[in-house]
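# Summary of structural features
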Amino acid sequence: MSLMDCTDVLEQLTAYVDGELDRDGRAAVAAHLETCAACRDVAADLARVRDAARGLAPIAPPPQVWAGIAAARPSGRRQARNQWMGLAAALVLVTAGAYLVTRSAAPARPVVSVDADKGNGGAPATVETIEDELAKAAEHYETAIAQLEAVAKQDEKAMPADTAAKLQVSLSQVDKYIAESRAALATEPQSEPARDTLFAALRRKVEILQQTVSLMGAMQRGDRETAAKVMGGKSS
Amino acid sequence: MTDVHGHPDVQLAARCRTGDAAAFEELYKAHSPRLFGLACRMVGRSHAEDLLQDIFLTAHRKLEKYRGESSLGTWLFRVGTNVCLDFIRSRSSRNALMTAEFDETMAPEHVTTGKSGPVLGVIDRIDLERALEDLPPGCRAVFVLHDVEGFEHGEIAKMLGVAEGTSKSQLHKARLRLRRSLRAETHRGLERV
């Protein structure tokens, strides 16, 4: 058995066990497997992994998931469009709460709850088109992002350099998605995938900035436990 | 579907669109286990609950577009897949999400060292779910869509915006990585005996 032969065969094994090789390819792999027990074992294992995956069953969600959906579910078409508006408007309140946390001497939890079923929240009473509504929602997100960035910038020296670098990488990645989605919407304003990606990215940016502000607040208070939880990806 | 307007799926969607809470709950009960399984396996349990909410709220928003060309379950599943993929994209760089190179570190030890080892026996479902959580996002998404959910490589390639060859190589990488994790688990189990 030559190392080269096994290496060549290895790359084909998934296609082989799935029946995707042509006749010649299948014959070549089969000929090698007849003489190589180790590659035969790998092929058998790959088939077992595939078969085990096919047997994975649906998973019942916990009851609180439906409760959250029922509470947030819009009751009609126009309210469905305003879901993003409500979330975005509430974020402005979240950022104000986060700012107060970093300035307070007493330990406090950042306000992170969002009432998605408030519908228009603090949004303007009249919006003519879907595009106007979504532009307003994006504006709210950007307001929240700008406020969080301002808070984060004031105390950026409080954060360890490596943590700040990691956060900056995350922010750069999500900014890239925001820019790409905006570019896609500029050429195709009706594109729902681009719109969904934009709001997912904006939401993610807010999450990252909220974590940054939480971390800074914890470090200022000397709350290492909370700081460790935030850096570990759990919210305080 | 021959009689689209009378089809139960179309009627259920219509009831949901009018704000019928019972209809939407019926939709949720029928399809949430499969979608929650998808979310758990695509993005991990810690994010799956939030994502399941996003999936159904997105579906509710998009229900006006459902015309009965496919079953409601299939349509919902596509919504769910897109929500999961958008989540993965927002958290990963493009380069980290999908690589086409074959990872040499995945070569089984008999190729790199000349030695072999015990094969996998019956694979425990919990071990597989746990091993799945450790896969990188790109090959994990392909594995879930292909091996768990049964999509073809052509469909997966369209969903992910990659070449079909990339989908195939990512699947191969996923299975090799899972094999390695599950073998390590088998060894740990043997040591405990």
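Use the structure listed above.
Figured I'd write up the structure that's included with this text. These numbers were taken from a predicted model, which means no experiment stands behind them.

## With respect to the overall build of chain A
Within chain A, the secondary structure is distributed over 10 helices and zero strands. What you see in chain A, going N to C, is helices and strands ordered as α-α-α-α-α-α-α-α-α-α. In chain A, once contacts between residues fewer than 6 apart in sequence are set aside, the share between residues at least 24 apart is 71%. Split by element, the accessible area of chain A, about 12,300 Å² in all, is 54% carbon and sulfur.

## Re the overall build of chain B
Secondary structure summary: chain B contains 10 helices and zero strands in total. Counting helices and strands in the order they occur from the N terminus, chain B gives α-α-α-α-α-α-α-α-α-α. Scored against the burial criterion, the 193 residues of chain B give a buried share of 51%. Here the contacts in chain B between residues at least 6 apart in sequence split such that 71% fall between residues at least 24 apart. Carbon and sulfur atoms provide 50% of the accessible area of chain B, an area that totals close to 8,800 Å².

## Details of the nonpolar core
It is characteristic of soluble globular proteins that their nonpolar side chains tend to be buried jointly. Counting residues in each nonpolar core, the largest one holds 64 residues, and the members touching the most others are B:Met42, B:Phe56 and B:Phe143. If one sorts the elements of this core by residue count, helix H2 (residues 21-43) of chain B sits on top with 11 residues. Those residues in contact with B:Phe56, other than ones at most four positions away along the chain, are A:Ile69, B:Phe24, B:Leu27, B:Tyr28, B:His31, B:Ser32, B:Leu35 and B:Leu76.

## Details of the pattern of salt bridges
Residues and elements named next belong to chain B. Taken as a whole and judged by the stated rule, the model has 18 salt bridges over all chains. Here Arg34 ties to Glu149 by a salt bridge, and the two come within 3.1 Å at their closest N and O atoms. Note that Arg34 is positioned in helix H2 and Glu149 in the loop between helix H8 (137-148) and helix H9 (153-160), a separation of 115 residues in sequence. In this structure, Arg78 engages Glu155 in a salt bridge whose closest nitrogen and oxygen atoms are separated by 3.5 Å. On the criterion of sequence distance, the pair formed by Arg78 in helix H4 (residues 72-91) and Glu155 in helix H9 is long-range, its members being 77 residues apart. Look at Glu155 and you get partly exposed, because its relative accessible area is 31%.

## Let's talk about the interface of chain B and chain A
When the parts of a complex come together, some accessible area is lost, and that lost area is often taken as the interface size. Contact with chain B, which involves 61 residues of that partner, is made by 54 residues of chain A. The junction of chain B with chain A conceals about 5,300 Å² of combined surface from both sides, 61% of it contributed by carbon and sulfur atoms. Joining chain B to chain A, the criterion identifies three salt bridges. For B:Arg179, the salt bridge is made with A:Asp45, and the minimal N-O distance between the two is 2.8 Å. Inspection of the region where chain B meets chain A yields eight residue pairs in polar contact (both at pLDDT 80 or more). Elements that contribute at least two residues to the side of chain B that touches chain A include exactly H2, helix H3 (45-62), H4, helix H6 (109-112), helix H7 (125-133), H8 and helix H10 (164-192) of chain B.

## A look at the packing of H8(B) against H9(B)
All names here are of chain B. Direction vectors running N to C along H8 and H9 enclose 145°, while the axes themselves pass 10 Å from each other. Crossing of H8 over H9 shows right-handed handedness. Only His153, Ile156, Met159 and Leu160 of H9 make contact with H8, whose side of the interface consists of Val142, Leu145 and His146. Of the residues contributing to the contact of H8 with H9, the split by class is five nonpolar, two polar and no charged.

## Describing the packing of aromatic side chains
One pass over the full model with this rule turns up six aromatic pairs over all chains. Consider the rings of A:Trp66 and B:Tyr28, whose centres lie 4.9 Å apart with planes at 40°: the pair is tilted. Separated into two different chains, A:Trp66 in helix H4 (residues 63-72) and B:Tyr28 in helix H2 make up a pair that spans both. For the pair A:Trp66 and B:Tyr28, one class covers both residues: buried. A connected cluster of aromatic rings, assembled from ring pairs, spans A:Trp66, B:Phe24, B:Tyr28 and B:Phe56. Here B:Arg34 stacks its cationic end above the ring of B:Phe77, 3.8 Å away from the centre of that ring.

## Quick look at H3(B)
Residues and elements named next belong to chain B. The end-to-end C-alpha distance of H3, which contains 18 residues, comes to 25 Å, matching closely the 26 Å that a straight helix rising 1.5 Å per residue would cover. The principal kink in H3, of about 25°, is found at Leu51. Among the residues of H3, those classed as buried are Ala48, Leu51, Leu52, Asp54, Ile55, Phe56, Leu57, Thr58, Ala59, His60, Arg61 and Lys62.

## Describing the state of the cysteines
Applying the stated criterion across every chain yields a total of zero disulfides over all chains. For the unlinked cysteine A:Cys36, the closest cysteine sulfur is that of A:Cys39, found at 3.6 Å. The exposure class assigned to A:Cys36 is buried, which follows from its relative accessible area of 2%. Residue B:Cys40 stays outside any disulfide, its sulfur separated by 9.4 Å from that of B:Cys84, the closest cysteine. By relative accessible area, which is 7% here, B:Cys40 ends up buried.

## Examining H4(A)
Residues of H4(A) that are buried include every one of A:Val65, A:Trp66, A:Gly68, A:Ile69 and A:Ala72, and no others. Viewed along the axis of H4(A), the buried residues span an arc of 160°, placing them on a single side of the element. Its buried side turned inward, H4(A) meets H2 and H3 of chain B.

## Section: the side chain of A:Lys205
As for its position among the elements, A:Lys205 is in helix H9 (residues 192-221). Leaving out residues up to four positions away in the same chain, A:Lys205 has contacts with A:Ile145, A:Glu149, A:Leu171, A:Val174, A:Asp175 and A:Ile178.

## What about the environment of A:Ala47?
All names here are of chain A. Within the secondary structure layout, Ala47 lies in helix H3 (residues 37-54). In this structure Ala47 comes out as buried when scored by relative accessible area, which is 17%. Remark: the alpha-carbon pair of Ala47 and Thr14, spanning 33 residues in sequence, is separated by 7.9 Å.

Cut-offs used in this document
- Residues numbered from 1 in each chain as written.
- Chains lettered and ligands numbered in written order.
- Predicted model: local features only at pLDDT ≥ 70, side-chain atom pairs only at ≥ 80, totals over all residues.
- Heavy atoms only, no water.
- Helix = DSSP H or I, 4+ residues; strand = E, 2+ residues; numbered from the N terminus.
- Contact = heavy atoms within 4.5 Å.
- Areas by Shrake-Rupley, 256 points an atom, 1.4 Å probe, with all protein chains shown as cover.
- Buried < 20%, exposed > 50% of the residue type's maximum accessible area, 1.4 Å probe, protein only.
- Core = buried A, V, L, I, M, F, W, Y, C linked by side-chain atoms within 4.5 Å.
- Salt bridge = Lys/Arg side-chain N within 4 Å of Asp/Glu carboxyl O.
- Buried area = accessible area lost by both parts, 1.4 Å probe.
- Polar contact = N/O pair within 3.5 Å; in protein donor to acceptor, adjacent residues only side chain to side chain.
- Axes fitted to C-alpha atoms, helices over the stretch in contact; angles between N-to-C directions.
- Left-handed = near helix turned anticlockwise from the far one by under 90°.
- Nonpolar A, V, L, I, M, F, W, Y, C, P; charged D, E, K, R; others polar.
- Phe/Tyr/Trp six-rings, centres within 6.5 Å; stacked < 30°, edge-to-face > 60°.
- Lys NZ or Arg CZ within 6 Å of the ring centre and 35° of its normal.
- Expected span 1.5 Å × (residues − 1).
- Bend = angle between axes of the 7 residues up to and from the residue.
- Disulfide = S-S within 2.5 Å.
- Arc of directions from axis to C-beta.

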